[in-house]
Amino acid sequence: MKNKSTALLIIDAQFDFCNPKGTLYVPGAEKDVEIIAQLIATHGAEIDEIFVTLDTHRVLDIAHPLFWEDPNGNTVAPFTLITAAAVKAGKWKPRYNQDYVLEYLEKLEKEGEFKHFIWPEHCLIGSGGAALDDTILHALLSWTHRTGTDYKAVIKGTNPLTEHFGVFRAQVPIEGSPETQLDQKFLAELEAFDQVLIAGEARSHCVATSVKQILQYAPALIPKVTLLTDCVSDVTNFGYLADPIFEEAKEKGVRFITSKEIQI
């Protein structure tokens, strides 16, 4: 007999991350979504709610190439690291909101958030790259038809002037822009469950930052969280970013298991 309520939080399981043809493909993600889909098929009757987050960006985004140029006016290449010091030195120049951007970089670095990298244009509003991965979508549709419960979508990243890795808050919230502020309502919604399973992409960035935000802003949620280690993968060469966050999470009580070890 089922004795606890369970939510499944699937982070950014979208075409651009999960499909090898996606613009910011995460190696291994195409296998992760198959495992997540199998989890939903196997344990769907015991899962009370499924939340999916959707990374959603504009072309002219602070973390996209076209927002930036070098001293010769050339657009900056993807995977370029941009620091406040380099901007002050004239190595890189934002094409928009220059004073704000420098303050943004300084605040990002001061607060110890991830350094500012430029990504390939990804998950653009209205594009196929922003859509849920087909494997996940089909699993969600099947689950909804079986249970009579619709999945819930949470959109993040729409403000082009701040990076938005974590599910619950932008890296640097912007005053007067509620979509960048800490989402207390969503945290409270998750806290109502006895167990919250987390899966999705990428382990190194959006999953890690989401877990970090739970540690910072929702201590009551920590003992309820289980991260499914076989349902997440890293952006190439960035796995080191997540390691200290997950070490702290383990120490504070977050569980790390595979989908095969789940007990609901």
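Fair warning: this is a prediction, and the values are worked out from it, not measured in the lab.

A.B. asks: How should I be thinking about the overall build of the chain in this particular structure?
C.D. replies: Looking only at helices and strands, the chain has eight helices and 10 strands in total. Computed over C-alpha atoms, the radius of gyration of the chain comes to 18 Å, within 12% of the 18 Å expected from 2.2 N^0.38 for 264 residues, which places it in the range of a compact globule. For the chain, the spread of C-alpha atoms along the principal axes amounts to about 65 × 35 × 35 Å. Out of the 264 residues belonging to the chain, those deemed buried represent 53%. Of all intrachain contacts in the chain linking residues separated by at least 6 positions in sequence, the fraction that spans at least 24 positions is 75%. Counting every atom, the chain has about 11,800 Å² of accessible surface; 52% of that belongs to carbon and sulfur. The averaged location of the 37 negative side-chain charges in the chain is 2 Å from the averaged location of its 24 positive side-chain charges.

A.B. asks: For this particular structure, what's the right way to read helix H8 (residues 243-252)?
C.D. replies: Residue pairs three or four apart in sequence face the same way in an α-helix, which turns once every 3.6 residues. Of the residues making up H8, those classed as buried are Ile 245, Phe 246 and Ala 249. Along the axis of H8, the buried residues cluster in a sector spanning 90°; they form a single face. Exposed residues pointing more than 90 degrees away from the buried face of H8 are listed as Pro 244 and Glu 251. Elements in contact with the buried residues of H8: helix H7 (203-217), strand E9 (225-233) and strand E10 (255-257).

A.B. asks: Looking at this structure, how should I read the packing of aromatic side chains?
C.D. replies: Centre-to-centre distance and the angle between the planes together describe a pair of aromatic rings. Applying the stated criterion to the full structure yields 13 aromatic pairs. Taken together, the aromatic side chains of Phe 79, Phe 117, Trp 119, Phe 238 and Tyr 240 make up a single cluster linked through ring pairs. Lys 250 extends its terminal NZ or CZ atom over the ring of Phe 256, reaching a point 5.3 Å from the ring centre.

A.B. asks: I'm lost on the side chain of Glu 69 in this one. Help?
C.D. replies: If you trace the backbone, Glu 69 turns up in strand E3 (residues 68-69). Glu 69 sits in the buried class, given a relative accessible area of 17%. A polar atom in the side chain of Glu 69 sits 2.9 Å from the side chain of Arg 95. In this structure Glu 69 touches Asn 74, Thr 75, Val 76, Lys 91, Trp 92, Lys 93 and Arg 95, once residues within four positions along its chain are discounted.

A.B. asks: What's the story with the pairing of strand E2 (residues 49-55) in this structure? I'm lost.
C.D. replies: In regular strands, side chains alternate between the two faces of the sheet. Most of E2 sits inside the fold, with seven of its seven residues counted as buried. Burial of the side chains of E2 extends over both faces: Glu 49, Phe 51, Thr 53 and Asp 55 are buried on one face and Ile 50, Val 52 and Leu 54 on the other. In this sheet, E2 lies alongside strand E1 (residues 6-11) in parallel orientation, the contact comprising four bridges. Bridge pairing links Ala 7 to Glu 49 in E2.

A.B. asks: Explain a nonpolar patch on the surface to me, please; I cannot follow it from the model alone.
C.D. replies: Where nonpolar side chains cluster on the molecular surface, the patch consists of Val 59, Leu 60, Leu 66 and Tyr 96 and spans about 290 Å² of accessible area. Relative to the helices and strands, Leu 66 resides in the loop between E2 and E3. For Leu 66, a relative accessible area of 36% translates into the label partly exposed.

Rules and cut-offs
Residues numbered from 1 in each chain as written. Predicted model: local features only at pLDDT ≥ 70, side-chain atom pairs only at ≥ 80, totals over all residues. Heavy atoms only, no water. Helix = DSSP H or I, 4+ residues; strand = E, 2+ residues; numbered from the N terminus. Rg over C-alpha atoms; globule rule 2.2 N^0.38 Å. Buried < 20%, exposed > 50% of the residue type's maximum accessible area, 1.4 Å probe, protein only. Contact = heavy atoms within 4.5 Å. Areas by Shrake-Rupley, 256 points an atom, 1.4 Å probe, with all protein chains shown as cover. Lys, Arg positive; Asp, Glu negative; His and termini not counted. Charge placed at Lys NZ, Arg CZ, Asp CG, Glu CD. Arc of directions from axis to C-beta. Phe/Tyr/Trp six-rings, centres within 6.5 Å; stacked < 30°, edge-to-face > 60°. Lys NZ or Arg CZ within 6 Å of the ring centre and 35° of its normal. Polar contact = N/O pair within 3.5 Å; in protein donor to acceptor, adjacent residues only side chain to side chain. Pairing = 2+ DSSP bridges. Patch = residues over 30% accessible without salt bridge, like charges linked within 9 Å, V, L, I, M, F, W, Y side chains within 5 Å. Salt bridge = Lys/Arg side-chain N within 4 Å of Asp/Glu carboxyl O.

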